[in-house]
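Overview (structure and organization)
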Amino acid sequence: MIPLTHYLILSAMLFCIGMYGVLTKKNAIYVLMSIEIMLNAVNINFVAFSAYSGDVSGQIFALFSIALAAAEVAIGLAIFLLLYKRYGTVELQKIRLLRW
Amino acid sequence: MNPTELAYLLVIIPFIGFLIVAFFGNKMKEGGAYLAIASVASTLVLSILILFDVMENGSYEVSMNWVAGTGLEVGMFIDSLTALMLIVVTFVSTMVVIYSIGYMHDDPSKRRYYAEICLFVGSMLGLILANNFLLMFIFWELVGVCSYLLIGFWYQKPAAASAAKKAFLVTRIGDVLFLTGIAILYVKYGTLNFTELEHLMGHDVQGLLLPALLLFCGAVGKSAQFPLHVWLPNAMEGPTTVSALIHAATMVNAGIYLVARSYFILEHVPDAFLVIAVIGGITALMAATMALVQYDIKGVLAYSTISQLGYMMLALGAGVHAYGYTAGMFHLMNHAFFKALLFLAAGSVIHAVGSNDMRIMGGLHKHMKITSITMLIGSLSIAGFPFFSGFFSKDEVLASVWHAAADNNIYYLLYAMGVFTAFLTAFYIFRMWYMTFAGKQRGDYHPHESPKTMTVPLMILAVLAAGAGFIFFFGFQDFVYFGHAPHLTISHMFEMWQTWVSIAAGLSGIGLATLIYYKGTISPRTFTAGPGRRAIRRVLEMKYYMDEFYMWIAQKIIYGGSLVMDKFDGKVIDGAINGISSGGIALGHASNSFDKNAIDGTVNGLSKGSFIGGKLLWKMQSGRVQDYASLMILGVVGLVILMLLMGVV
């Protein structure tokens, strides 16, 4: 059996890769994809801990999380579409409405 | 039902009548006239009940607090004086309102007329019933407003509108002084209640002359006494019924009532009595002379009213010991009856002729017998023909003035003025009667007798004008008095030579008028022959130039004074103000520099500090989502490190 540590290392790597993408990518679509990677890292953690502790609730949470991720992508893409219509770009560096 | 509730009803019923007529009068028959009659007549019934109650049980008072802790209250005080005034006011009002059905029949704004009459009756009853000076003043102003509204009833006529204004402004002078007097009394005694004041004055009577005279000034304005009499002749611009009700029989008596009511103050200041008597005497004589040259039938009656009010003041001014109180109030009652009769009869004449001018009247006796005979009765009464009501009361007035002369010689002069006024009164009133009813008709019109609603009140009033005089010996003198009742008898009256003097004065006045205006033995022109006599006539026609004098005061003194004050304002006051303002500017400069250096320094320092801080932090607010996310992650990492260091995890 593959020890738990391996799963955790994999998940930590995926999480960091995703976080790197979120913080550095200019294009909003890449950022969204990076967030998906981070979410998957979390899912791996859920499933791994669930399998090792013998409690299925972690796996059910993973299923919920996947469904939520799908919903999030749908909304996120719709927002980007509108952003593109309004500003002609989806580059996060250029959308600075959070400042006055 | 006990009398307390009756007293409140007396004021409430006419006010309800006023509201109903004012809002729904146009939907009712005759513009709400019948409702007005019903409400006024019910006050008459209530007044009679109150009169009997007072005769049986004496005076009583009801009141409730108005403003807590100030001694101000709303209440009713009912004694013999109140009961007498109630009867006079409600009786004359009832007669006048019934008469109005005929007189105002063709007027388009009947609703307004009856509403205002109801309001007036309610206010007048409130004035009489009030148990303190402030409440009395409130109703006093209300009757003033009603008088203003009704004088200006035909407001489309410029003369009526300006007469209303004049009446309002002239009486206002008296009202302000009256209010000042009330204020002085309140400051001095802390209450305005009649009985409480009377009680307090048992201990402290210092400095009462000023408030007493100020109260009298209010009476001078309301009762059209010299020098504030100028409004009453102009007030005849209103409907004749209004003149009869308000400007002859009721409202103008409010001033007399006020003086009678203030007797408990006046008895402590005998000097005030002299002032009242002198003003009354001057008014009586002066107004009687002005009545001599009037051609307006209502003008004669207006001056006659002023003159008779002067008589009442003269009687009241005779003081406590001379029974002036009883004589004055008795004359008030009789005058209300015969003067209302004369005015209503004059209204009947005006209704038939369509004009006030006596020069186009004449010979009306054969066309309108009832009016003619009732007016003759009224004339005999006011002229002091023996055994008519005016004879008794006028005689009592003159007798009380003669009594007062025992203490002060000025009263002898006032007595002489009173007797001469009696002669003039008899003369001018019969001049009026002969010019109206005797001789030949001088104008082109078709006179006719007035309808029953008008003649019946005339007949009722005529009975009272003829017979009310005997009441004096059968109850009146034992009912209305101040201090001691006089206890006079008819036989005693005819033992005094003063009685024969006033009979002679009255009869000679009637005789002279008969010779000039009926027989024609003496031509009226004899009195205007020669420059001296013409000048007298001119002065009388111009009403002693009083109106001109007041205009001159208004234009020259007050306006000129204002111009001087304007100059004073420009030079002195503005100079002072400019000086103050330059001082202010200097102070402003000083405070400005303090402001700039000290206060602004602090404020600027604070803002500079926060500005620098903001500039530093501003960099962090890039507006980029990813920068915020980085900071968030940094924060989370920092928290985790902190938790590890503290050993929480």
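Residues numbered from 1 in each chain as written. Chains lettered and ligands numbered in written order. Predicted model: local features only at pLDDT ≥ 70, side-chain atom pairs only at ≥ 80, totals over all residues.

Here's the deal with the overall build of chain B
The criterion, for reference: Put simply, DSSP marks the helices as runs of H or I at least four residues long and the strands as runs of E at least two long, and each gets a number from the N terminus on. Just to be clear, the radius of gyration here is over C-alpha atoms, and the globule rule we use is 2.2 Å times residues to the power 0.38. With C-beta atoms placed from the backbone, a residue is buried if 20 or more other C-beta atoms are within 10 Å of its own, exposed if 12 or fewer are, and partly exposed between those counts. Two residues qualify as a contact pair if the distance between their C-beta atoms, derived from the backbone, is within 7 Å.
When its secondary structure is counted, chain B shows 25 helices and 2 strands. On C-alpha atoms alone, chain B measures out to a radius of gyration of 35 Å, which is more than a quarter above the 26 Å that the 2.2 N^0.38 rule sets for 649 residues. Each of the three principal axes of chain B carries a C-alpha extent, and together these read 135 × 65 × 60 Å. Here chain B, with 649 residues, has 48% of them falling under the buried criterion. A separation of at least 24 residues holds for 81% of the contacts in chain B among residues at least 6 apart in sequence.

Structural notes on the overall build of chain A
Secondary structure assignment for chain A yields 3 helices and 0 strands. Shown N-terminal to C-terminal, the secondary structure of chain A runs as helices and strands in the order α-α-α. On C-alpha atoms alone, chain A measures out to a radius of gyration of 17 Å, which is more than a quarter above the 13 Å that the 2.2 N^0.38 rule sets for 100 residues. Per-residue burial over chain A gives 12% buried out of 100 residues. In chain A, of all internal contacts separated by at least 6 residues, the share reaching a separation of at least 24 is 44%.

Observations concerning helix α2 (residues 33-57) of chain B
Residues and elements named next belong to chain B. To be explicit about the condition: Here, expected helix span is obtained from the residue count minus one, scaled by 1.5 Å.
A rise of 1.5 Å per residue sets the reference length of α2, with its 25 residues, at 36 Å; its end C-alpha atoms lie 36 Å apart and thus fit the reference within 8%. Among all positions in α2, only A33, L35, A36, I37, S39, V40, T43, L44, L46, S47, I50 and V54 are buried. Directly beyond the C-terminal end of α2, a positive phi value near 80 degrees is found at G58.

Section: the interface of chain B and chain A
Selection rule: Following the grouping adopted for this structure description, the nonpolar residues are Ala, Val, Leu, Ile, Met, Phe, Trp, Tyr, Cys and Pro, the charged ones are Asp, Glu, Lys and Arg, and the polar ones are all others, Gly among them.
Facing 9 residues of chain B, the contacting portion of chain A comprises 9 residues. Looking at the side of chain B that touches chain A residue by residue, the classes come out as 3 nonpolar, 5 polar and 1 charged.

Details of the packing of helix α13 (residues 270-291) of chain B against helix α14 (residues 297-317) of chain B
All names here are of chain B. Threshold: Here the axes come from fitting lines to C-alpha atoms, over the contacting stretch only for helices, and the angles between their N-to-C directions go from 0 to 180 degrees. Every angle not falling under 35 degrees, over 145, or within 65 to 115 is termed oblique; those three ranges are roughly parallel, roughly antiparallel and roughly perpendicular. Handedness of each helix crossing follows the sense of rotation of the near helix against the far helix: counterclockwise by less than a right angle gives left-handed, clockwise gives right-handed.
For the pair α13 and α14, interaxial distance at closest approach is 7 Å and the crossing angle is 160 degrees. Taken together, the axis directions place α13 and α14 in an arrangement best described as roughly antiparallel. Considering only the axes of α13 and α14, their crossing is left-handed. In terms of residue class, the contact of α13 with α14 is built from 18 nonpolar, 7 polar and no charged.

A few points about the nonpolar core
For the record, the criterion: Here a nonpolar core is just a set of buried residues of the types Ala, Val, Leu, Ile, Met, Phe, Trp, Tyr and Cys, joined wherever their C-beta atoms sit within 7 Å.
Among the nonpolar cores identified, the biggest contains 205 residues, and A340 and L341 of chain B are the most heavily contacted of them. Leave out the neighbours within four places in its chain, and L341 of chain B touches T374, G378, L458, L461, A462 and A465 of chain B.

Overview of the domain arrangement of chain B
What counts here: By convention here, the domain bounds are inherited from an automatic or database domain assignment.
Segmentation of chain B into domains returns domain 1 (1-262), domain 2 (269-541) and domain 3 (547-602). Using C-alpha coordinates to define each centre, domain 1 of chain B is positioned 45 Å away from domain 3 of chain B.

A few points about helix α22 (residues 497-519) of chain B
All names here are of chain B. Here α22 is 23 residues long and its end C-alpha atoms lie 31 Å apart, about the 33 Å a rise of 1.5 Å per residue gives. Residues of α22 that are buried: S502, A505, G506, G509, I510, A513, I516 and Y517. G520 sits one or two positions beyond α22 and adopts a positive phi of about 75 degrees.

Section: the packing of helix α17 (residues 389-404) of chain B against helix α18 (residues 410-437) of chain B
Residue and element names in this part refer to chain B. Orientation of α17 relative to α18, taken along the N-to-C sense of each, is 160 degrees, at an axis distance of 8 Å. What the angle tells us is that α17 and α18 run roughly antiparallel. The crossing of α17 and α18 is left-handed. Only Y411, L414, Y415, G418, V419 and A422 of α18 make contact with α17, whose side of the interface consists of K394, V397, L398, V401, W402 and A404.

Quick notes on the environment of T250 of chain B
All names here are of chain B. Note that T250 resides in the loop between α10 (240-249) and α11 (253-261). Separated by 319 residues in the primary sequence, T250 and D569 have C-alpha atoms spaced 46 Å apart. T250 has contacts with V89, V92, S93, M124 and L245, leaving out every residue within four places of it along the chain.

Side note on the confidence of the model for chain B
We count it as follows: The pLDDT value expresses, per residue, how confident the predictor is, ranging between 0 and 100.
Of all residues in chain B, 98% attain a pLDDT of 70 or more, and the chain-wide mean is 86. Prediction confidence for the complex, expressed as pTM and ipTM, is 0.72 and 0.80 respectively.

Here we look at unusual backbone geometry
Residue and element names in this part refer to chain B. Here the amide bond leading from F226 into P227 is cis, since omega sits at 0 degrees, within 30 degrees of zero. Assignment of secondary structure puts P227 in the loop between α8 (209-222) and α9 (231-234). Residues other than glycine seldom take positive phi values, yet A224 does so here, at roughly 55 degrees. Its place among the elements puts A224 in the loop between α8 and α9. Given 30 C-beta atoms within a 10 Å radius, A224 is considered buried. At F387, a residue that is not glycine, the phi angle is positive and equals roughly 75 degrees. Residue classification places F387 among the partly exposed positions, given that 13 C-beta atoms sit within 10 Å.

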